[in-house]
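Fold and contact review
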Amino acid sequence: HAAAFGRDTRFTIYDDDDQKRLIRTLLKTCYNEETAKSYQGPAKGFVGKVKGGLSEPLIAAEALNPSLRKAILELYSAYEAALRNNNAFDFDDLISLPCRLLRQNPEALSHYRQLYRYLLVDEFQDTNVPQGELVRLLAAPDGNITAVGDDDQSIYGWRGAVIGNILDFER
């Protein structure tokens, strides 16, 4: 479904280094070296927060320092445009965009629910928000899902894992 997001099927996936390089390049076109360097961490964090939290940029930006908000939102827009222009997705897109597709496209949701009628998720305690949402979208309304995990073994909070996915599983 790459076309639904302005890409063709021969897209590239940007890893963490590619993402940092793109953000650095975009910042350098708008700011001096020192300012670009100081914005790089917050900009990368913001991209991850939006995609990893399945948030809208304007809503996520409310948590930013007001002095950074405008610059980070402009960078986010330029970053997304650059990904499209380069026929690329970043790593976070690989789950956040399918979630968006399934939320907005009932035909696609129905297709994938029929294709994946039964789900088994291992290490469910280490899933993040988009992974949990993707599982919920695919499993509903039948609930044909089994999840394996141990909330006492959740070790990837630093990588975005949300323990609530397993704690709230039955609900």
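This structure is a prediction, so every number in the text was calculated from the model and none was measured.

The residue Arg100 is located in helix 5 (residues 93–104) in this model. According to the relative accessible area criterion, Arg100 is partly exposed, its value standing at 41%. In sequence terms Arg100 and Leu120 are 20 residues apart; their C-alpha atoms lie 22 Å from each other.

To locate leftover empty space, one rolls a probe as large as a water molecule over the atoms. Taken as a whole, the largest pocket spans an internal volume of roughly 610 Å³. Taken together, 25 residues make up the lining of the largest pocket; nearest its centre are Phe91, Asp92, Asn128, Gln131 and Arg159. Counting only elements with at least two residues in the lining of the largest pocket, the list comes to helix 1 (16–30), helix 2 (33–52), helix 5 and helix 7 (129–139). Of all the elements, helix 2 adds the most residues to the lining of the largest pocket, at five residues. The residue makeup of the lining of the largest pocket, split by class, is nine nonpolar, eight polar and eight charged.

Parameters and conventions
Residues numbered from 1 in each chain as written. Predicted model: local features only at pLDDT ≥ 70, side-chain atom pairs only at ≥ 80, totals over all residues. Heavy atoms only, no water. Helix = DSSP H or I, 4+ residues; strand = E, 2+ residues; numbered from the N terminus. Buried < 20%, exposed > 50% of the residue type's maximum accessible area, 1.4 Å probe, protein only. 1 Å grid on protein atoms, 1.4 Å probe; cavity = no way out; pocket = protein on both sides within 12 Å on 5 of 7 lines; lining within 4 Å. Points joined across faces, edges and corners; volume = space filled by probe spheres on them. Nonpolar A, V, L, I, M, F, W, Y, C, P; charged D, E, K, R; others polar.

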